[in-house]
Amino acid sequence: MDLKVYSAVWCRDCREAKRFLQKHSIAYTEIDIERVPGAADELLAHVGKKAIPQFVIDGKWVQPYRPGQGFLHDEMAVLFGVSEAG
């Protein structure tokens, strides 16, 4: 699986998304939209807005959070086939 995470250092939901991936030993490549030239434009082209975090899983764009709800732990656990049980 090729996983890219579009994020920024100031983004709270991005930090939570990366904690989830690290907890489950899921390898990813981070793309900081403020430091990687063209990354913000690519995000805008695929999502229509600069909404982060975004996962790109084998070329498919997935929004792993919901505004006002934060990171979608249960939905991402199902997507990646991992358990969120304590």
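Scroll up to find the structure.
For clarity, every value in this text was computed on a predicted model and none was experimentally measured.

Caption draft 1: Quick peek at the environment of P67. Turning to its location among the elements, P67 is positioned in the loop between β5 (65-66) and β6 (70-71). Classification of P67 by relative accessible area gives exposed; the value is 58%. Sequence-wise, P67 and D13 are 54 residues apart; in three dimensions their C-alpha atoms are separated by 9.5 Å.

Caption draft 2: A look at the environment of L44. In this structure, L44 sits in helix α2 (residues 39-47). What makes L44 partly exposed here is its relative accessible area of 38%.

Caption draft 3: Molecular detail of the side chain of H24. Summarising the element assignment, H24 is placed in the loop between α1 (12-23) and β2 (29-32). Using a relative accessible area of 17% as the deciding quantity, one classes H24 as buried. Among the polar contacts listed, one links the side chain of H24 to the side chain of E84, at a separation of 2.5 Å. Those residues in contact with H24, other than ones at most four positions away along the chain, are V82, S83 and E84.

Caption draft 4: Examining the pattern of salt bridges more closely. On inspection of all chains with the given rule, the structure shows six salt bridges. Taking the shortest distance from any N to any O, the salt bridge between K4 and D2 comes out at 2.7 Å. Residue K4 is classed as partly exposed on the basis of its relative accessible area of 28%. On the basis of relative accessibility, which here comes to 36%, the residue D2 falls in the partly exposed class. Measuring nitrogen to oxygen at the nearest pair gives 3.6 Å for the salt bridge that ties E84 to K23. Of the two residues, E84 is situated in the segment after α3 (73-80) and K23 in helix α1; the sequence distance between them amounts to 61 residues. Taking the relative accessible area as the measure of exposure, K23 reaches 53% and is therefore exposed.

Caption draft 5: Structural context of the pairing of strand β3 (residues 54-57). Burial along β3 is two-sided: the residues Q54 and V56 and F55 and I57 are all buried. Bridge analysis of strand β1 (residues 3-7) against β3 gives four bridges, and the strand direction is antiparallel. Looking at β3, one finds that L3 is bridged to I57. Between β3 and the antiparallel strand that follows it, strand β4 (residues 60-62), lie two residues; D58 among them carries a positive phi value of about 50°.

Caption draft 6: The arrangement of the environment of K18 in detail. Within the element layout of this structure, K18 appears in helix α1. K18 sits in the buried class, given a relative accessible area of 13%. Along the backbone, K18 and E30 are 12 residues apart, and their C-alpha atoms lie at a distance of 8.9 Å. Apart from residues lying up to four places away in sequence, K18 is in contact with S7, Y28 and E30.

Definitions and limits used
Residues numbered from 1 in each chain as written. Predicted model: local features only at pLDDT ≥ 70, side-chain atom pairs only at ≥ 80, totals over all residues. Heavy atoms only, no water. Helix = DSSP H or I, 4+ residues; strand = E, 2+ residues; numbered from the N terminus. Buried < 20%, exposed > 50% of the residue type's maximum accessible area, 1.4 Å probe, protein only. Polar contact = N/O pair within 3.5 Å; in protein donor to acceptor, adjacent residues only side chain to side chain. Contact = heavy atoms within 4.5 Å. Salt bridge = Lys/Arg side-chain N within 4 Å of Asp/Glu carboxyl O. Pairing = 2+ DSSP bridges.

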